[in-house]
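Working through the structure, step by step
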Amino acid sequence: MSALDDGFGGYLVLALIAALAHEPWRWAGLLIGRRIDAEGEVFQWVRAVSTALVAALVARLVLFPAGALDTVPIAIRVGAFACGLGFFLLTGRRVWAAVAFGATLLAAGKLLSG
Amino acid sequence: MSLPPASESGKSSAMATPAWAAGATRPQAFLRGFVVMVETPGLVLFASALGFGALARDSGFELGHAVFLTAVFYALPGQVLLVDQFARGSAILAAAFAVSLTGIRLFPMTVTLIPLVRDDRSPRWLTLLVAHYVAVTAWVEAQRRLLPLPAHLRLLHFLGLGSALLCNTTAGTVLGFLLVGGVSAVVSAAFLFMTPLYFLTSLVATSRTAADRLAVMFGLALGPPLFLLLPGFDLLAAGVIGGTLAHRLGKHYQ
């Protein structure tokens, strides 16, 4: 069971957590972002940091997933991911086609592996 | 006004100014962003949000709370973590701390978005809304779409993107909550799998420099070991280490 209070109390707790623990990172980014130049060195560095961070999130989502994806064997997850990426690179770099292809392979792999 | 598909067709066209931008007004720029609702990023986000809605219901959340959480967080990893913490009966402070760690990634993303949408004509408070709309999907799309646009269209285009993605993630949460159990595990797994594949292919499609490509490779390589070594701080560490290395090495290639 959820430890969250029913009704209004629950909304209040969620709003407080968002405002005190989550959203301040965006506000801090806003304050710094207003002061830097999109052509400058700092911008390029922070952009590389953001890019590496999203790529790390991708690896985590594939290797250590939550929810229903956890029930798919890791070899199928990694194989379908690599095939999806290969498909993307070899067939004209269409994001939608690669996503559809990879997800279809994953579903097929899951069905065949039982 | 014809609506061409999102410019996902090729690397070469990724940085070209889209045809619609010539002579477009700011409301048109907003609408062009809003169309993401039915394009790949919007659909992938919707599919992920279905998974979150189902998880929220399984964890004993009320529908209203789940929708409210989606709107005020607008970042699925934080939402998933918070719901999970409540389901395990964690203390509120511990849950808030864990959630705060997932939010750190929003900081560098916002830093690199704000300079792209800077314009003199828009009221300053609108940038607060821009900051709220920073999440991985919106950020990835913004990196791809904003630079080729004339500066005065960028802020409204991003607000269109963010507003549409907020609609999609909210609709996905509601539908996932109501349909829970109605979707097979195979379909749920396939939906969840779309998110990492979309993120990575979009990052590759957006990469322009050697530093961009190196950052993708370093992030992929560093993420898993750091997840095992520094759970909670893994993304931040992978971002800072991988991004800094990529930035330094990238300069040598130029």
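Sequence order as written defines residue numbering, which begins from 1 separately in each chain. Following the order in which they are written, the chains are lettered starting with A and the ligands numbered starting with 1. Given that the model is predicted, a residue must reach a pLDDT of at least 70 before its local features are reported, and side-chain atom pairs must reach 80 or more before they are shown or counted; all residues, however, enter totals for whole chains, interfaces and linings.

1. What about the overall build of chain B?
Per the secondary structure count, chain B includes 13 helices and zero strands. Numbering of helices and strands starts at the N terminus; helices are DSSP runs of H or I of at least 4 residues and strands are runs of E of at least 2. Start at the N end of chain B and walk to the C end: the helices and strands fall as α-α-α-α-α-α-α-α-α-α-α-α-α. Both definitions apply: the radius of gyration is a C-alpha atom measure, and the globule rule equals 2.2 Å times residues to the power 0.38. Radius of gyration (C-alpha) of chain B: 19 Å, near the 18 Å computed for a compact globule of 254 residues. Counting only C-alpha atoms and orienting by the principal axes, one finds that chain B spans roughly 50 × 45 × 40 Å. Here the contact rule is simple: place C-beta atoms from the backbone, and any two residues whose C-beta atoms are within 7 Å are in contact. Considering only contacts within chain B whose residues lie at least 6 apart along the sequence, 79% involve residues at least 24 apart.

2. Some details on the overall build of chain A
Helix and strand content of chain A: four helices and zero strands. A globule of 114 residues ought to have a C-alpha radius of gyration of about 13 Å, yet chain A, at 20 Å, is considerably larger. Based on the C-alpha atoms only, the size of chain A along its principal axes is roughly 50 × 45 × 20 Å. Exposure is read from a count of other C-beta atoms within 10 Å of each residue's own; the residue is exposed at 12 or fewer, buried at 20 or more and partly exposed in between. C-beta atoms are placed from the backbone. Relative to its full complement of 114 residues, chain A shows a buried share of 46%. In chain A, the share of contacts with a sequence separation of at least 24, taken over all contacts with a separation of at least 6, comes to 32%.

3. Quick word on the interface of chain B and chain A
The partner chain A presents 74 residues to the 85 residues of chain B that form the contact. Counting residues per element, the side of chain B that touches chain A draws most heavily on helix H11 (residues 185-206) of chain B, at 18 residues. Across the side of chain B that touches chain A, the residue classes break down as 53 nonpolar, 26 polar and six charged. The residue classification treats Ala, Val, Leu, Ile, Met, Phe, Trp, Tyr, Cys and Pro as nonpolar and Asp, Glu, Lys and Arg as charged. All others, Gly included, are polar.

4. Thoughts on the packing of helix H3 (residues 74-90) of chain A against helix H4 (residues 95-113) of chain A
Residue and element names in this part refer to chain A. Running from N to C, H3 and H4 point in directions that differ by 155 degrees, and their axes come no closer than 8 Å. On the basis of the axis angle, H3 is roughly antiparallel to H4. Every pair of crossing elements has a handedness; the one defined by H3 and H4 is right-handed. Residue-level inspection shows Ile-76, Arg-77, Gly-79, Ala-80, Phe-81, Cys-83, Gly-84, Leu-85, Phe-87 and Phe-88 of H3 in contact with H4, the latter providing Ala-98, Val-99, Phe-101, Gly-102, Leu-105, Leu-106, Gly-109, Lys-110 and Ser-113. Its residues assigned to classes, the contact of H3 with H4 shows twelve nonpolar, five polar and two charged. Comment: axis = line fitted to C-alpha atoms, over the contacting stretch for helices; angle = value between 0 and 180 degrees taken between N-to-C directions. Put simply, angles under 35 degrees are roughly parallel, angles over 145 are roughly antiparallel, angles from 65 to 115 are roughly perpendicular, and the rest are oblique. Crossing chirality is assigned from the near helix's rotation relative to the far helix, an anticlockwise turn below a right angle marking it left-handed and a clockwise turn marking it right-handed.

5. Side note on the nonpolar core
Put simply, a nonpolar core is buried Ala, Val, Leu, Ile, Met, Phe, Trp, Tyr and Cys residues tied into one set by C-beta atoms within 7 Å. Among the nonpolar cores identified, the biggest contains 120 residues, and Ala-52, Ala-55 and Val-58 of chain A together with Phe-193 of chain B are the most heavily contacted of them. Setting aside residues up to four positions removed in sequence, Ala-52 of chain A forms contacts with Ala-215, Phe-218, Gly-219, Ala-238, Gly-239, Gly-242, Gly-243 and Ala-246 of chain B.

6. Comments concerning the confidence of the model for chain A
When the pLDDT values of chain A are averaged, the result is 90; 97% of them are 70 or greater. Across chain A, the secondary-structure element scoring lowest on mean pLDDT is helix H2 (residues 41-63) of chain A, at 91, and the one scoring highest is H3 of chain A, at 96. Here pLDDT means the predictor's own confidence in every residue, given as a number from 0 to 100.

7. Thoughts on helix H2 (residues 26-34) of chain B
All names here are of chain B. Restricting attention to buried positions, one finds in H2 the residues Ala-29, Phe-30, Arg-32 and Gly-33. Projection of H2 onto a plane perpendicular to its axis shows the buried side chains occupying an angular sector of 160 degrees, all on one side. On its buried side, H2 packs onto helix H10 (151-179). The directions considered for the arc run from the helix axis to the C-beta atoms.

8. Looking at unusual backbone geometry
Notably, Arg-93 of chain A is not glycine yet its phi reads approximately 55 degrees, a positive angle. In this structure, Arg-93 of chain A sits in the loop between H3 and H4. Of note, the phi angle at Tyr-74 of chain B is positive, near 50 degrees, even though the residue is not glycine. Residue placement: Tyr-74 of chain B occurs in the loop between helix H4 (63-73) and helix H5 (76-87). Take Tyr-74 of chain B: there are 25 C-beta atoms within 10 Å of it, and that puts it in the buried class.

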